[in-house]
Amino acid sequence: LHIKEYAEIQKIHNKRKINHVWADDFTLRKISELISSDRELELQNIKGICHGSRNGYEVKKLTEFLKNSDIIGTDISETALNYPRQVVWDFHDRNSKWIENFDFVYTNSLDQAWKPFQAISCWLEQIKTNGLIIIEHSRQHGVKGTSEMDPFGVLPEYMPYVIAEHYGHKVSISISKSIKSNYNLEVWLFILKKLGN
């Protein structure tokens, strides 16, 4: 798969599913509580970025749940420009303006990564020391769920091992579970805390 082909596939499916919202209020509220309860974050002005946020639903809700926050979203498709606080960006790519700029990264789109470890490495750069990467994942994101649109798949039970193998010296990993209020589906929240040097 070539990068241009990957980008075109993602844009096609983005437009096809533009009104399809995977994120749900119950899980996003739980995520906001996890962020708010972290004693090592500066909670007066939380800065966050949501990758692969399509129509910006999670940006809107996390901004609502996290008072005094500054949150943006990214999507590879130009349709991102149709929604508030959204920017067009491929989440695999480094952005020098974003280095150590955010308290948290949230995504439910790691399955859409064609180079997942390149993406996570970029996200690690984007958060401050003690910042969080929160990856929402489900059984549907396993190997059997892979497709042209969702090229990366791993079952939730194996995700901590996959993360530890690549980033064990850079992060601590904790896990929380939720039931999606829009799909009645169990999801895992993998919380990666960036360790200091």
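In short, a report on the structure. (Residues numbered from 1 in each chain as written. Predicted model: local features only at pLDDT ≥ 70, side-chain atom pairs only at ≥ 80, totals over all residues. Heavy atoms only, no water.)

1. Concerning the overall build of the chain
Turning to step 1, where the next piece is worked out: Check the secondary structure of the chain and you find five helices and seven strands.
Turning to step 2, where the next piece is worked out: Over its C-alpha atoms the chain spans a radius of gyration of 15 Å, differing by no more than 12% from the 16 Å that the globule rule assigns to 197 residues.
Turning to step 3, where the next piece is worked out: Here the chain, with 197 residues, has 52% of them falling under the buried criterion.
Turning to step 4, where the next piece is worked out: Relative to all contacts within the chain whose residues are 6 or more apart in sequence, the contacts with residues 24 or more apart total 68%.
Turning to step 5, where the next piece is worked out: Surface exposure of the chain reaches about 9700 Å², of which carbon and sulfur atoms provide 51%.
Turning to step 6, where the next piece is worked out: The distance from the centre of the 25 positive side-chain charges to the centre of the 25 negative ones in the chain is 2 Å. (Helix = DSSP H or I, 4+ residues; strand = E, 2+ residues; numbered from the N terminus. Rg over C-alpha atoms; globule rule 2.2 N^0.38 Å. Buried < 20%, exposed > 50% of the residue type's maximum accessible area, 1.4 Å probe, protein only. Contact = heavy atoms within 4.5 Å. Areas by Shrake-Rupley, 256 points an atom, 1.4 Å probe, with all protein chains shown as cover. Lys, Arg positive; Asp, Glu negative; His and termini not counted. Charge placed at Lys NZ, Arg CZ, Asp CG, Glu CD.)

2. As for the side chain of arginine 54
Turning to step 1, where the next piece is worked out: Tracing the chain through its elements places arginine 54 in the loop between strand E1 (46-51) and helix H3 (57-65).
Turning to step 2, where the next piece is worked out: Non-local contacts of arginine 54, meaning those with residues more than four positions away in its chain, are made with Asn14, Lys17, Ile18, His20, Thr74, Asp75, Ala80, Tyr83, Gln86, Gln112 and Met149.

3. Observations regarding the pattern of salt bridges
Turning to step 1, where the next piece is worked out: Tallied over the entire structure, the rule returns 14 salt bridges.
Turning to step 2, where the next piece is worked out: One salt bridge connects aspartate 24 with lysine 180, and the closest N-O pair in it is separated by 3.0 Å. In this pair, aspartate 24 sits in the loop between helix H1 (3-16) and helix H2 (25-36) while lysine 180 sits in strand E6 (residues 171-180), placing the two residues 156 residues apart along the sequence. Here the two residues aspartate 24 and lysine 180 agree in accessibility, since each one is buried.
Turning to step 3, where the next piece is worked out: Two residues, glutamate 100 and lysine 194, come together in a salt bridge whose shortest N-O distance is 4.0 Å. Of this pair, glutamate 100 sits in the loop between strand E3 (86-88) and strand E4 (102-107) while lysine 194 sits in strand E7 (residues 185-194), and the two are 94 residues apart along the sequence.
Turning to step 4, where the next piece is worked out: Put simply, Asp24, Glu136 and Lys180 are held in one network by salt bridges that share partners. (Salt bridge = Lys/Arg side-chain N within 4 Å of Asp/Glu carboxyl O.)

4. With respect to the nonpolar core
Turning to step 1, where the next piece is worked out: Judged by nonpolar contacts, the single largest core of 29 residues is most densely connected at Leu110, Trp123, Ile133 and Leu192.
Turning to step 2, where the next piece is worked out: Setting aside anything within four residues of it in sequence, one finds leucine 192 in contact with Ile120, Gly131, Leu132, Ile133, Ile135, Ile163, Val171 and Ser172. (Core = buried A, V, L, I, M, F, W, Y, C linked by side-chain atoms within 4.5 Å.)

5. Focus: the pairing of strand E5 (residues 127-137)
Turning to step 1, where the next piece is worked out: Counting buried residues along E5, eight of its 11 residues qualify, which places the element largely inside the surrounding structure.
Turning to step 2, where the next piece is worked out: Pairing between E4 and E5: five bridges, direction parallel. Across the sheet, phenylalanine 102 pairs through a bridge with isoleucine 127, a residue of E5.
Turning to step 3, where the next piece is worked out: Between E4 and its parallel partner E5, the chain crosses via helix H4 (residues 116-126), and the hand of that crossover is right-handed. (Pairing = 2+ DSSP bridges. Right-handed = clockwise from strand over helix to strand, strands pointing away.)

6. Quick word on the pairing of E6
Turning to step 1, where the next piece is worked out: Of the strand pairs in this sheet, E6 and E7 are connected by 10 bridges, and their pairing is antiparallel. Paired with isoleucine 179 across the bridge in E7 is glutamate 186.
Turning to step 2, where the next piece is worked out: From the end of E6 to the start of E7, which pair antiparallel, there are four residues, and asparagine 184 there has a positive phi angle of about 50°.

7. Digging into the packing of aromatic side chains
Turning to step 1, where the next piece is worked out: Counted by the stated rule, this structure contains six aromatic pairs.
Turning to step 2, where the next piece is worked out: An aromatic cluster is defined as three or more aromatic residues linked by ring pairs; in this entry it consists of Trp89, Trp98 and Phe102.
Turning to step 3, where the next piece is worked out: The ring of tryptophan 114 has lysine 115 sitting right over it, with the charged end atom 4.7 Å from the ring centre. (Phe/Tyr/Trp six-rings, centres within 6.5 Å; stacked < 30°, edge-to-face > 60°. Lys NZ or Arg CZ within 6 Å of the ring centre and 35° of its normal.)

8. So, the packing of H4 against helix H5 (residues 159-167)
Packed helices, taken two at a time, are described by the angle between their axes plus the distance between the axes.
Turning to step 1, where the next piece is worked out: It is at 12 Å that the axes of H4 and H5 come closest, and there the two elements cross at 65°. Here H4 is positioned roughly perpendicular relative to H5, judged by the angle of their axes. In the packing of H4 onto H5, the handedness of the crossing is right-handed. Contacts from Phe117, Ile120, Ser121 and Leu124 in H4 reach Val162, His166 and Tyr167 in H5.
Turning to step 2, where the next piece is worked out: Looking at the contact of H4 with H5, its residues break down into five nonpolar, two polar and no charged. (Axes fitted to C-alpha atoms, helices over the stretch in contact; angles between N-to-C directions. Parallel < 35°, antiparallel > 145°, perpendicular 65-115°, else oblique. Left-handed = near helix turned anticlockwise from the far one by under 90°. Nonpolar A, V, L, I, M, F, W, Y, C, P; charged D, E, K, R; others polar.)

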